[in-house]
Amino acid sequence: MLSKMFLAGAKNLEAKKEWINELNVFPVPDGDTGTNMTLTIMSAAKEVSLMENPDMSSLCKAISSGSLRGARGNSGVILSQLFRGFTKVVREYDELDTTIIADAFDKAVETAYKAVMKPKEGTILTVAKGGAQKARELADNGEEDLEIYFGEIIRYADEVLSKTPDMLPVLKQAGVVDSGGQGLMQVLKGAYDAFLGKELDLTIPDAKPAASYAMTMNMDAQAQADIKYGYCTEFIIMLNRNFNIKQEMDFKEYLESIGDSIVVVADDDVVKVHVHTNDPGLAIQKALKYGALSNMKIDNMRLEHEEKLFKMSEKNQEMASSEMPRKEVGFIAVSVGEGINEIFTGLGVDYIIEGGQTMNPSTEDMLNAIDKVNADTVFILPNNKNIILAAEQATHMAEGKNIVVIPTKTVPQGITAVINYVPDLSVEENTETMIEEIKAVSTGQVTYAVRDTVIDDKEIKAGDYMGIGDSGILSIGTDMIEITFRMIEDMMEDEKELISIYYGKEISEETAEALKERVEARYPKCDIELQYGGQPIYYYIVSAE
């Protein structure tokens, strides 16, 4: 029943994701709360749907580990933490009553609040807390009928959701409830429908990559060389038995006997495996002794080697990475746009995860990148406030490396951070320096509105251009160049000495040059840099420092 309820919740959220996206306060074209939450829960739903007659423990492992690996965006990470806390309690029981469920709701809320550095009320956290409080109240009052119990929890949580605009003025002005809270309600309502026995389609589509994240490595094209082992083999083991240190070492030793380029990363619930071998079946047969397999992928590297000598695929990159000498420090940056990617690469960033504004990378995307950077310490530059939480979750799951997240909220902050890295300083000193330096960077981004709304007493019409600063909307209008220029004026302070303008893929070089000339005339004492960013959706990204 719990399996059916979870799948029904996931399907209901998926069906409502676009509606939830539209609840985002800022009417930008990349409002993605519904998308992020859906991709997060579907990561777990795909694993749950493959389980036949699961017991409570194995089901909880699939829900917890699947949603955590698939978590993306703040709302997705919080949702995964709610599942993580809930399953920590219920995994110990074969049957659930109202008291156990109330305990699980309490643990879910506690876990989610701990995951957020500065919890804010009027969000998904508040809605979850309201549901947990009602669950506890009903259980303590002796309610045992689960149909009444779940119905009352949902009714009260909906009431809490309706009050979120009173807790966050920005929600009230935009005329919406919290989008993350609404997403959570759709999960609960879908689950309740399944509990009531409604006829529902619980089929989950075949596993597909949640998003296409190009991983670009900073290295010369792979030299032609003989490939000893022809098949790059990857999979995840969903553990159904103990996997201690000795078993891990024995498994690695076996893989070494049949291949090379071995990576085995063990978590409480799952083991990620990567090996180059001439017989993938042997690796798979051995792994099946420890549990069920998912996310299986086998690539013929000899064919790739012949076809892509100058444009390495992600698998080629993994092989080359394993052959690179170990170094002390490496960098991962989240970026989007050909020009911005090249800037990061030129500054020495080892891997670019293409994502950012238009699609938030998941925790698993972060873990995959960490696996491929052969360094003792890996700095991650999320470059988006909605990606920081997923990056921080990866630091708790990665093994064998020191992972440091520099909380960069914008691409210009990420560029400033890596520029200020000094090899001669310690990791701690560099971390402190980078965090301090990004505070001096003001960022503005120009995009368009997808709907009519009011924010900060500013009336916005669909199609208007908006200049968005670090703390809100700076300019609105129908003339893109004028809006960009006014945004820059609002960003400037006396001590600012450098203005960097990154123009997007829809902007011609001539148009960008004209903007630069106007800014130069306005601020003759400032250095003005113009760079091709190539980013989608955002016509200009501007930094002042």
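Structural notes, computed from the coordinates. (Residues numbered from 1 in each chain as written. Predicted model: local features only at pLDDT ≥ 70, side-chain atom pairs only at ≥ 80, totals over all residues. Heavy atoms only, no water.)

**A word on the nonpolar core**
Selection criterion: Residue types Ala, Val, Leu, Ile, Met, Phe, Trp, Tyr and Cys, when buried and joined through side-chain atoms within 4.5 Å, form a set referred to as a nonpolar core. Under the scheme applied here, a residue whose accessible area is under 20% of the maximum for its type counts as buried, over 50% as exposed, and between as partly exposed, the area being computed with a 1.4 Å probe on protein chains only. Numbering of helices and strands runs from the N terminus; a helix is a DSSP stretch of H or I covering at least four residues, while a strand is a stretch of E covering at least two. In what follows, a contact means two residues having at least one pair of non-hydrogen atoms within 4.5 Å.
Counting 66 residues, the largest nonpolar core has Phe6, Ile41, Ile78, Leu82 and Tyr149 as its most contacted members. Take this core: its biggest share by element is nine residues, from helix H5 (residues 98-115). Phe6 has contacts with Ile41, Ala44, Ala45, Val48, Ile63 and Phe83, leaving out every residue within four places of it along the chain. Grouped together as the second largest cluster of nonpolar side chains are 23 residues, Phe344, Val411, Val418 and Tyr421 included.

**Considering the pairing of strand S9 (residues 402-405)**
Defined as follows: Think of it this way: DSSP has to see at least two bridges between two strands before they count as a pair. Crossovers are marked right-handed if the path from the first strand over the helix to the second runs clockwise, as seen with the strands pointing away from the viewer.
One ladder, built from four bridges, connects strand S8 (residues 375-381) with S9; its direction is parallel. Counted as the bridge partner of Ile380 is Val405 from S9. Viewed along the sheet, the connection from S8 through helix H17 (residues 388-397) into S9 turns out right-handed.

**As for a positive patch on the surface**
Basically, it comes down to this: Nonpolar side chains (Val, Leu, Ile, Met, Phe, Trp, Tyr) are joined into patches within 5 Å and like charges within 9 Å, using only residues with over 30% relative accessible area and no salt bridge. Shrake-Rupley sampling with a 1.4 Å probe provides the accessible areas, and residues are treated as covered by the protein chains on show and by no other component. Salt bridges are identified by distance alone: a Lys or Arg side-chain nitrogen within 4 Å of an Asp or Glu carboxyl oxygen. His residues and chain termini do not enter the charge count, which takes Lys and Arg as positive and Asp and Glu as negative. Each charge is placed at NZ for Lys, CZ for Arg, CG for Asp and CD for Glu.
There is a patch of like positive charges on the surface, built from Lys118, Lys120, Lys385 and Lys409. Relative to the helices and strands, Lys409 is located in the loop between S9 and helix H18 (411-419).

**Some remarks on a negative patch on the surface**
A cluster of acidic side chains, namely Glu493, Glu495, Glu497, Asp527 and Glu529, defines a negative patch on the protein surface. Mapping Glu493 onto the fold places it in the loop between helix H20 (480-491) and strand S15 (498-503). For Glu493, a relative accessible area of 41% gives the class partly exposed.

**Let's talk about the environment of Ile468**
Looking at the element boundaries, Ile468 is found in strand S13 (residues 465-469). The class for Ile468 is buried, based on a relative accessible area of 13%. Taking the C-alpha atoms as reference points, Ile468 and Met487, 19 residues apart in sequence, are found 7.5 Å from one another.

**Observations regarding the packing of helix H4 (residues 73-90) against helix H6 (residues 124-140)**
Test applied: Axes here refer to lines fitted to C-alpha atoms; in helices the fit is confined to the stretch in contact. Angles between the N-to-C directions go from 0 to 180 degrees. Oblique is the label for any angle not under 35 degrees, not over 145, and not in the 65 to 115 range, which are roughly parallel, roughly antiparallel and roughly perpendicular in turn. Handedness of a helix crossing follows the sense of rotation of the near helix relative to the far helix, less than a right angle counterclockwise being left-handed and clockwise being right-handed.
Here H4 crosses H6 at 20°, and the two axes come no closer than 10 Å. On the basis of the axis angle, H4 is roughly parallel to H6. The element H4 and its partner H6 pack so that their crossing is right-handed. Each of Ser75, Ile78 and Leu82 in H4 lies in contact with H6, whose residues at this interface are Ile124, Leu125 and Ala128.

**Observations concerning the sheet that holds strand S10 (residues 442-448)**
The mixed open sheet is built from six strands, whose spatial order is S14-S13-S10-S17-S15-S16. Looking at strand neighbours, the two that pair on one side only are strand S14 (472-477) and strand S16 (527-532), the edges of this open sheet. Recorded for the sheet is a direction-independent mean angle of 20° between the axes of neighbouring strands. Summarising the sheet, S13 and S14 pair through five bridges and their orientation is antiparallel.

**Let's talk about unusual backbone geometry**
Unlike most non-glycine residues, Asn383 shows phi in positive territory, near 60°. Assessed through its relative accessible area of 6%, Asn383 is described here as buried.

**A few points about the side chain of Thr33**
Here Thr33 shows up in helix H2 (residues 33-49). When its relative accessible area of 10% is taken as the criterion, Thr33 is described as buried. If near-sequence neighbours (up to four positions away) are discounted, Thr33 is found in contact with Ile20, Asn21, Asn24, Ser75, Ser179 and Gly180.

**Remarks on the packing of aromatic side chains**
For clarity, the cut-off: Each aromatic pair joins two rings of Phe, Tyr and Trp (for Trp, the six-membered one) with centres within 6.5 Å, and gets the label stacked for planes under 30 degrees apart, edge-to-face for over 60, and tilted for any other angle. Lysine NZ or arginine CZ positioned within 6 Å of the ring centre and within 35 degrees of the ring normal marks a charge as sitting over the ring.
What the rule picks out here adds up to eleven aromatic pairs. Ring centres 5.6 Å apart and planes at 75° place the aromatic pair Tyr465 and Tyr539 in the edge-to-face group. Here Tyr539 lies in the loop between S16 and strand S17 (540-544) and Tyr465 lies in strand S13, a separation of 74 residues in the sequence. Through a chain of ring-to-ring contacts, three or more aromatic side chains come together here, namely Tyr149, Phe150 and Phe195. Just above the ring of Tyr156 sits the side chain of Lys134; from NZ or CZ to the centre is 5.0 Å. Above the plane of the ring of Phe485 lies Arg518, whose end atom (NZ or CZ) is 4.0 Å from the centre.

**Topic: helix H7 (residues 146-162)**
Definition in use: By this rule the span expected of a helix is its residue count minus one, scaled by 1.5 Å. This arc is taken over the directions from the axis of the helix to the C-beta atoms. Here a polar contact is recorded for every N or O atom pair within 3.5 Å, except that within protein the pair must consist of a potential hydrogen donor and a potential acceptor, and residues adjacent in sequence are included only if both atoms are side-chain atoms.
If you check H7, its first and last C-alpha atoms are 24 Å apart, about what 17 residues at 1.5 Å a residue would give, namely 24 Å. For H7, the set of buried residues is Tyr149, Phe150, Ile153, Ile154, Ala157, Val160 and Leu161. Along the axis of H7, the buried residues cluster in a sector spanning 125°; they form a single face. The N-capping residue of H7, defined by a side-chain oxygen 2.9 Å from the backbone nitrogen of Glu147, is Asp145.

**Description of the packing of H5 against H6**
When two helices pack together, you describe them by how their axes are tilted relative to each other and by the distance separating the axes. Where H5 contacts H6, the two axes come as close as 9 Å, and the packing angle between them is 155°. The pairing of H5 with H6 is recorded here as roughly antiparallel in orientation. Considering how the two elements wind past one another, H5 and H6 form a crossing that is left-handed. Listed contacts from H6 to Thr98, Thr99, Ala102, Asp103, Phe105, Asp106, Val109, Ala112 and Tyr113 of H5 are Leu125, Thr126, Ala128, Lys129, Gly131, Ala132, Ala135, Arg136 and Ala139.

**Re the environment of Ala132**
Among the structural elements, Ala132 can be located in helix H6. The class of Ala132 is buried, set by a relative accessible area of 4%. Separated by 26 residues in the primary sequence, Ala132 and Asp106 place their C-alpha atoms 5.7 Å from one another. Residues within four places of Ala132 in sequence aside, it is in contact with Phe105, Asp106 and Val109.

**Examining the side chain of Asn386**
Tracing the sequence through the fold places Asn386 in the loop between S8 and H17. Accessibility expressed as a relative area gives 17% for Asn386, which makes it buried. There is a polar contact of 2.7 Å between the side chain of Asn386 and the side chain of Asn360. Residue contacts for Asn386: discarding those within four places in its chain leaves Asp32, Asn36, Gly73, Asn74 and Asn360.

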